[in-house]
Amino acid sequence: MAGDSKGPVLSERRSSGRRESKGVLYVVATPIGNLDDITLRAIKILKQVRLVAAEDTRRTGILLRHFGVETAILSVHEHNERARVDPIVAQLGRGESVALVTDAGTPGISDPGAALVAAIRGAGFRVEPIPAASAVAAVISASGVSSEGFTFLGFPPIRSKDRKYWLVQLSEASRHRLVVFFEAPHKVRKTLEDLFILVKRPIIVGREITKLHEEFVSGTIPELLARFEPPQGEFTVLVPPEDPGTEPLAAITDEAVVELFGQITELRQSGSKRDAARETGERLGLSAKQVYAIIERNK
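(A) Here's a closer look at helix α7 (residues 160–173). Relative to the 20 Å expected for 14 residues at 1.5 Å per residue, α7 spans 20 Å between its end C-alpha atoms, a close match to the ideal helical length. For α7, the set of buried residues is Arg163, Lys164, Trp166, Leu167, Val168, Leu170 and Ser171. Looking at the buried residues of α7, the elements they touch are β7 (178–183), α8 (188–195), β10 (235–239), α10 (254–268) and α11 (273–284).

(B) The sheet that holds strand β9 (residues 215–219), seen in detail. Pairing in this open sheet of five strands is mixed, and the strands run β6-β7-β10-β8-β9 from one edge to the other. The open sheet is flanked by β6 (150–152) and β9, the only strands paired with a single partner. Adjacent strand axes in the sheet meet at a mean angle of 20°, parallel and antiparallel pairs treated alike. Taken together, the three bridges between β6 and β7 define a ladder with parallel strand orientation. Following the sheet pairing, Phe152 is matched in β7 by Val180. Running over the sheet, α8 touches β7, β8 (203–207) and β10 and is turned about 150° from β7.

(C) Summary view of the confidence of the model for the protein chain. Per-residue confidence for the protein chain gives a mean pLDDT of 86, with 89% of residues at or over 70. Ignoring residues within four places in sequence, the model shows residues 245–250, a span with pLDDT below 50, making three contacts including any to other chains.

(D) A look at the sheet that holds strand β4 (residues 98–101). Overall, parallel pairing links the five strands, which are arranged β3-β2-β4-β1-β5 in an open sheet. A strand with exactly one partner marks an edge of an open sheet, and here the two such strands are β3 (72–75) and β5 (126–130). Each strand of the sheet is rotated relative to its neighbour by a mean of 25°, with strand direction disregarded. Against the sheet, helix α4 (residues 85–93) touches β1 (24–28), β2 (51–54), β3 and β4, its axis set at about 145° to β4.

Quick notes on the rules
- Residues numbered from 1 in each chain as written.
- Predicted model: local features only at pLDDT ≥ 70, side-chain atom pairs only at ≥ 80, totals over all residues.
- Heavy atoms only, no water.
- Helix = DSSP H or I, 4+ residues; strand = E, 2+ residues; numbered from the N terminus.
- Expected span 1.5 Å × (residues − 1).
- Buried < 20%, exposed > 50% of the residue type's maximum accessible area, 1.4 Å probe, protein only.
- Contact = heavy atoms within 4.5 Å.
- Pairing = 2+ DSSP bridges.
- Axes fitted to C-alpha atoms, helices over the stretch in contact; angles between N-to-C directions.
- pLDDT = per-residue confidence, 0-100.

Shown next as structure tokens:
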């Protein structure tokens, strides 16, 4: 049908066939593991631009050589991102397009790139995304978890104060919807241990997504800690929404109430004990008055 052929032709012209008075910054997503996950459009763009701005020139060099791309590479990472704005703007002003890539995945999503993109857009140049594989989408699709939307929290913060606030955010968000976050292998044990303070139900971990040793594991946090010893590879963690039917009230002990109350009070660092008691009660199916009574008799 004639209508079926117009879409791809127009798309191809938009990406590569049209001469631009100004260069375009292409934000190109690269494979998160398996190199075959790159798109044909991404390869085409990487070959046609004058420059590839890469987080790690060595890793991007491997990718480019694998697909026969001979485009020049410029290092653009979190420590020099802002300093690279002017030379890239100058290049775009000469009508020479640039492709922005990270080590793996999409620039600006838990990776450098957002500051450069904002500056390029602010300078009046067109920014065009070239999407590809996503660890978040891949793990959710293989998890079997049903949720009305999800919350993505990126990587946990390093600073203690920021980390405590992040954990509270995660706990509150996961009460009603799926929460997804990333973690590095050398930090995943500490993060899972911290998460166990607030999440006792089973969670799902995707490790080394699209790579040779890819695996999906579901279990309680203690079970996962035992499984990933020592931890290796990049982790994508899914915290499913709470299921009120999984923890009957009869299983709630004074010790559990006191422990959760103390954890919430410590993590929040602000707000009244009344707020902490109310939140504790909501999580355990108790009233704030019942929580207060348990706290008082266990002082």
